[in-house]
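Residue strings, one per chain:
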Amino acid sequence: MLITDPFDADMNGDKLREECGVFGIFGGENAAGFAALGLHALQHRGQEAAGITSFDGRHFHSHRAMGHVAGNFDRDDVIRRLSGRSAIGHVRYSTTGETALRNVQPLFAELAEEGIAIAHNGNISNAMKLRRTLQRRGSIFQSTSDTETVIHLVATSTFPTMIERLTDALKQVEGAYSLLVLTQQGLIACRDPLGIRPLVMGKQGEATIFASETVALDVIGATYLRDVEPGEMILVGENGIRSFRPFEKVSPRPCIFEHVYFSRPDSIAEGKSVYEVRKKIGAELSREAPVEADYVVPVPDSGVPAALGFSQESGIPFELGIIRSHYVGRTFIQPSQEVRHLGVKLKHNANSALVAGKKIVLIDDSIVRGTTSVKIVQMMRDAGAREVHMRIASPPTTHSCFYGVDTPERAKLLAAQMSVAAMADYINADSLAFISIEGLYRALGESRDDGAPQRCDACFTGDYPTSLTDVSERESGAALSLVASR
């Protein structure tokens, strides 16, 4: 079983992590096989578990497993069992909830009228309150996932059709969701009215495809049609494709961090090349926080496009001063303190022959807890760098995300506790600078409307676009029996 390295900085809260990716296909031969390929392309969005549910016209078939898509869905016998011309799939990270098979999606339920399977990207910020209400009415939950709340709301709705029942359920929830719902009638794709989490639509022959990112369409040879619009619900069935807009129209607030880090650089997000946007972020960062140096060095791999943009704008040569190993695995690393201390060198190692005696600008996408930055800066110093300057291709992360991104509590966010100058001292850098929130918007070709921001940038500004019911209840001391793991 392939799983993420437990001593990777990403697994210890020093990177913001997207928690999941979804893929769906209706009307294609070997639907599960294409779903597996699509999930491979979305593996970066969730690396702890994966699942696929298919429908063959009479029966649902499901396979869910801990670990990567590879090793779980690259076997012929598994794909053969997932028969049918429609399927949905999911890759996930867990957060504060448990990492357990019962939380792996798609979640399936046999309702009174028909079975449904749901794959969800996002987070429902009033799930615990809804859960308690449902439990008092007799609902029995089988997981600690907020996604199961949607299933129970659908099951208890009194509306006659699945579209109406799903709409009724979603009108009761707060937060972010891109949903794929597989039913006996067809495949339903839905995006929350603010469009916080992404969802795109494509075509492959007669098959209709939905995915978290366009790269999943590329991998299976599908053509991108359009984004699923915020607040839109699309039903794909034997009678064709129907679009519904059942929610009150509001100004969209798509997640700005998709452009900074979450999406793969070869994806297109909101009609923009993620790779080109990240280069523009780097160029803007160079203009805002110039520095004299010999080389621009990315922290691989997420810092590479921004470092290229910084280099091209500043004229400072781009060099690979840090080499990343892609073969660090869980079974190789033993859980001793000595090996834990060496963990960062197993993943990243300084290119000493290049770095020695030079002034280096390190480019990374973000600083969360700061632990990785401390190690990377020290690595450069140990390799003989004369000066180490750090530039970050996002504003300081000062607030937690409650919309489907794994973020430490605010007390553990370095930028929430320290000034930029204090952070520079903490990571032992000669200088430290972040792109401004205005600069980030400029890189996207926009100017931020402070009164009504065009994007969800709450992790940088604290300007949350929805109510945070469960968080407020937790802070007021209300008991939460279980914490949702998205």
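See the structure printed just above.
We now turn to the structure provided with this report. Remember, it's a predicted structure, so these values are computed and weren't measured experimentally.

### Some details on the overall build of the protein
Thought 1: Of the regular secondary structure elements, the protein holds 17 helices and 23 strands.
Thought 2: Counting all 486 residues of the protein, 59% fall into the buried class.
Thought 3: About 19200 Å² of surface is accessible on the protein, with carbon and sulfur atoms providing 50% of the total.

### Here we look at the environment of D463
Thought 1: Tracing the sequence through the fold places D463 in the loop between α16 (458–461) and α17 (469–475).
Thought 2: As for D463 and P453, which are separated by 10 residues in sequence, their C-alpha atoms are 8.5 Å apart.
Thought 3: In this view, D463 contacts R253, R448, D450, P453, D457 and A458; residues no more than four positions away in its chain are not counted.

### Considering unusual backbone geometry
Thought 1: Cis geometry marks the peptide bond from Q105 to P106, where omega comes out at 5 degrees.
Thought 2: Looking at the element boundaries, P106 is found in the loop between β5 (86–92) and β6 (107–110).
Thought 3: Cis geometry is found at the peptide bond from P300 to D301, where omega equals -5 degrees.
Thought 4: If you trace the backbone, D301 turns up in the loop between β17 (295–298) and α9 (304–314).
Thought 5: In this structure, E270 takes a positive phi of about 55 degrees despite not being glycine.
Thought 6: Structurally, E270 can be placed in the loop between β15 (268–269) and β16 (272–273).
Thought 7: The phi dihedral of N428 is positive, around 65 degrees, even though this residue is not glycine.

### With respect to the nonpolar core
Thought 1: Residues F257, I281, F310, I363, Y403, L440 and F460 are the most contacted members of the largest nonpolar core, which totals 37 residues.
Thought 2: Taken together, the elements giving at least two residues each to this core come down to α7 (257–262), α8 (274–288), α9, β20 (359–364), α15 (437–443) and α16.
Thought 3: With residues up to four places along the chain from it excluded, the contact list for Y403 reads G122, N123, G175, A176, I196, R197, C456, Y464, P465, T466 and L468.
Thought 4: If you look at the next biggest cluster of nonpolar residues, it comprises 28 residues, including A127, V154, M162 and L179.

### Structural notes on the pairing of β5
Thought 1: The buried fraction of β5 amounts to seven of the seven residues, a majority that puts the element mostly inside the structure.
Thought 2: With burial as the criterion, each face of β5 is covered, one bearing S86, I88, H90 and R92 and the other bearing A87, G89 and V91.
Thought 3: Here strand β2 (residues 20–26) runs beside β5; their pairing, made up of seven bridges, is antiparallel. Pairing of F23 across the sheet is with G89, part of β5.
Thought 4: With seven bridges connecting them, strand β3 (residues 49–55) and β5 associate as antiparallel partners. The partner of F55 across the bridge, within β5, is S86.

### Structural notes on the side chain of R391
Thought 1: Within the secondary structure layout, R391 lies in strand β21 (residues 387–392).
Thought 2: A distance of 2.9 Å separates a polar atom in the side chain of R391 from the backbone oxygen of A289.
Thought 3: With residues near it in sequence (within four places) discarded, R391 still touches L285, A289, P290, V291, F310, V361, L362, I363, D364, S431, L432 and A433.

### Some details on the packing of α8 against α9
Thought 1: Contact geometry for α8 and α9: axes closest at 6 Å, N-to-C directions at 50 degrees. Classified by the angle between their axes, α8 and α9 sit oblique to one another. For the crossing formed where α8 meets α9, the hand is right-handed. In this structure, α8 contributes Y275, R278, K279, G282, A283, L285, S286 and R287 to the contact, and α9 contributes P305, A306, L308, G309, F310, Q312, E313 and S314.
Thought 2: Looking at the contact of α8 with α9, its residues break down into seven nonpolar, five polar and four charged.

### Thoughts on the packing of aromatic side chains
Thought 1: All told, the structure shown has eight aromatic pairs when counted by the stated rule.
Thought 2: Here F257 and F460 contribute two aromatic rings whose centre-to-centre distance is 5.6 Å and whose plane-to-plane angle is 35 degrees, an arrangement assigned as tilted. With F257 in helix α7 and F460 in helix α16, the pair connects residues that are 203 residues apart, well separated along the chain. Taken as a pair, F257 and F460 share a single burial class, namely buried.
Thought 3: Ring pairing ties together the aromatic residues F257, Y261, F262 and F460, which thus form one cluster.

### Thoughts on helix α4 (residues 147–156)
Thought 1: Burial analysis of α4 places eight of its 10 residues in the buried class, which makes it a mostly covered element.
Thought 2: Inspection of α4 places T147, E148, T149, V150, I151, H152, L153 and V154 among the buried residues, and these make up the whole buried set.

### A few points about the pattern of salt bridges
Thought 1: Applying the stated criterion across every chain, the model contains 22 salt bridges.
Thought 2: In this structure, R287 engages E313 in a salt bridge whose closest nitrogen and oxygen atoms are separated by 3.2 Å. With R287 in helix α8 and E313 in helix α9, this residue pair connects regions lying 26 residues apart in the sequence.
Thought 3: Residue classification places E313 among the partly exposed positions, given a relative accessible area of 39%.

### Thoughts on the sheet that holds strand β7 (residues 115–124)
Thought 1: The strand order across the open sheet formed by six strands is β6-β7-β8-β9-β13-β14, and the pairing between neighbours is antiparallel. Strands at the two margins of the open sheet, each flanked by one partner only, are β6 and β14 (240–244). Direction aside, neighbouring strands of the sheet carry axes that sit 20 degrees apart on average.
Thought 2: Bridging between strand β8 (residues 175–183) and strand β9 (residues 186–191) involves five bridges; their strand directions are antiparallel. Paired with L182 across the strands is L187, a residue of β9.

Each value, and the rule that gives it
- Residues numbered from 1 in each chain as written.
- Predicted model: local features only at pLDDT ≥ 70, side-chain atom pairs only at ≥ 80, totals over all residues.
- Heavy atoms only, no water.
- Helix = DSSP H or I, 4+ residues; strand = E, 2+ residues; numbered from the N terminus.
- Buried < 20%, exposed > 50% of the residue type's maximum accessible area, 1.4 Å probe, protein only.
- Areas by Shrake-Rupley, 256 points an atom, 1.4 Å probe, with all protein chains shown as cover.
- Contact = heavy atoms within 4.5 Å.
- Core = buried A, V, L, I, M, F, W, Y, C linked by side-chain atoms within 4.5 Å.
- Pairing = 2+ DSSP bridges.
- Polar contact = N/O pair within 3.5 Å; in protein donor to acceptor, adjacent residues only side chain to side chain.
- Axes fitted to C-alpha atoms, helices over the stretch in contact; angles between N-to-C directions.
- Parallel < 35°, antiparallel > 145°, perpendicular 65-115°, else oblique.
- Left-handed = near helix turned anticlockwise from the far one by under 90°.
- Nonpolar A, V, L, I, M, F, W, Y, C, P; charged D, E, K, R; others polar.
- Phe/Tyr/Trp six-rings, centres within 6.5 Å; stacked < 30°, edge-to-face > 60°.
- Salt bridge = Lys/Arg side-chain N within 4 Å of Asp/Glu carboxyl O.

Without other data, these values stay purely geometric and don't point to any function.
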